[in-house]
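Residues per chain are reported as follows:
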Amino acid sequence: MSHTSGIRQAQKQKTRQALLDAALQLLEDQSLSSLGLREVTRAVGVAPAAFYRHFRDTADLGVALVDEALGSLHGTIRTTLAATGDSDERIAATVELIAGLVREYPAHVRFIARERHGGVAPVREAIGGQLDRFAREVADELAGHPESTGWERDDLLMLAGLYVDHMVMTASAFLATPPDAWDRVARTARRQLRLVSLGRRHWLD
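Our subject in this report is the structure included herewith. (Residues numbered from 1 in each chain as written. Predicted model: local features only at pLDDT ≥ 70, side-chain atom pairs only at ≥ 80, totals over all residues. Heavy atoms only, no water.)

**Regarding the packing of helix H5 (residues 74-83) against helix H8 (residues 121-143)**
Where H5 contacts H8, the axes come no closer than 9 Å and their chain directions differ by 50 degrees. If you check the angle between H5 and H8, you find them oblique. When the axes of H5 and H8 are compared, the crossing they make is right-handed. Residues His-74, Ile-77, Arg-78, Leu-81 and Ala-82 of H5 form the contact with H8, whose participating residues are Gln-130, Arg-133, Phe-134, Glu-137, Val-138, Glu-141 and Leu-142. Partitioning the contact of H5 with H8 into residue classes produces 6 nonpolar, 2 polar and 4 charged. (Axes fitted to C-alpha atoms, helices over the stretch in contact; angles between N-to-C directions. Helix = DSSP H or I, 4+ residues; strand = E, 2+ residues; numbered from the N terminus. Parallel < 35°, antiparallel > 145°, perpendicular 65-115°, else oblique. Left-handed = near helix turned anticlockwise from the far one by under 90°. Contact = heavy atoms within 4.5 Å. Nonpolar A, V, L, I, M, F, W, Y, C, P; charged D, E, K, R; others polar.)

Next up, the structure:
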């Protein structure tokens, strides 16, 4: 790659990221279905035609935001949720991971929580696909646990899905709660995970 083409590619990537960042900021107060590409390009300071060099439409941009928000978390989510069990320490670590993600990436978490059941089908499907992948990966980890001996694959997927759904629900609860009341959210989340763990121990009974 020549020096000139390398600079051009770097600038293209910089503009693409600027469009994603601007969209995410605009989505703090609205849904993706109401977001106009002119709003996004105006926020970045580029012509509307420049948008199409990076995305087909706002739905395509939304899918890219889903990948940005969730794509890099698979290893972390898989190992953390699969480790959730009877230990209070492991349960507390799981809830703290969720709280940490909300603290560090509130706009991404808010976008996922809002658009998971939103009106833009490709984005809704992308989120569902990522969460389904999380569940499959967590189920793979759970299958190796001694306490999973005798479990059917469908039951492991059901348990993994509960963990993933709980993660999203807890993240949404943190978002909706003032930081000075997060202890209450965390306490409820820990009790819910203990209840799931109790059911897991007795499922084959």
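Following the structure, the description resumes.
**Thoughts on the pattern of salt bridges**
Under the criterion given, the structure shown has 9 salt bridges. Among the ionic pairs, Arg-116 bridges to Asp-165, the shortest N-O distance being 2.9 Å. Remark: Asp-165 occurs in helix H9 (residues 153-175) and Arg-116 occurs in the loop between helix H7 (106-115) and H8; sequence separation between them is 49 residues. When the shortest N-O distance is used, the salt bridge between Arg-200 and Glu-147 registers 3.9 Å. With Arg-200 in helix H10 (residues 182-202) and Glu-147 in the loop between H8 and H9, this residue pair connects regions lying 53 residues apart in the sequence. (Salt bridge = Lys/Arg side-chain N within 4 Å of Asp/Glu carboxyl O.)

**Some thoughts on the side chain of Glu-115**
Positionally, Glu-115 belongs in helix H7. Here Glu-115 sits buried without a salt bridge, and the closest side chain of opposite charge, Arg-114, lies 5.2 Å off (N-O distance). From its side chain, Glu-115 meets the backbone nitrogen of Leu-32 in a polar contact 2.8 Å long. When sequence neighbours within four positions are dropped, the list of residues in contact with Glu-115 reads Ser-31, Leu-32, Val-123, Arg-124 and Ile-127. (Buried < 20%, exposed > 50% of the residue type's maximum accessible area, 1.4 Å probe, protein only. Lys, Arg positive; Asp, Glu negative; His and termini not counted. Polar contact = N/O pair within 3.5 Å; in protein donor to acceptor, adjacent residues only side chain to side chain.)

**Structural notes on the packing of H7 against H8**
It is at 9 Å that the axes of H7 and H8 come closest, and there the two elements cross at 110 degrees. In terms of their interaxial angle, H7 and H8 are classed as roughly perpendicular. The residues of H8 that touch H7, namely those facing Phe-111, Ile-112 and Glu-115, are Val-123, Arg-124 and Ile-127. In terms of residue class, the contact of H7 with H8 is made up of 4 nonpolar, no polar and 2 charged.

Fair warning: the whole summary comes from geometry, so function is off the table for now.
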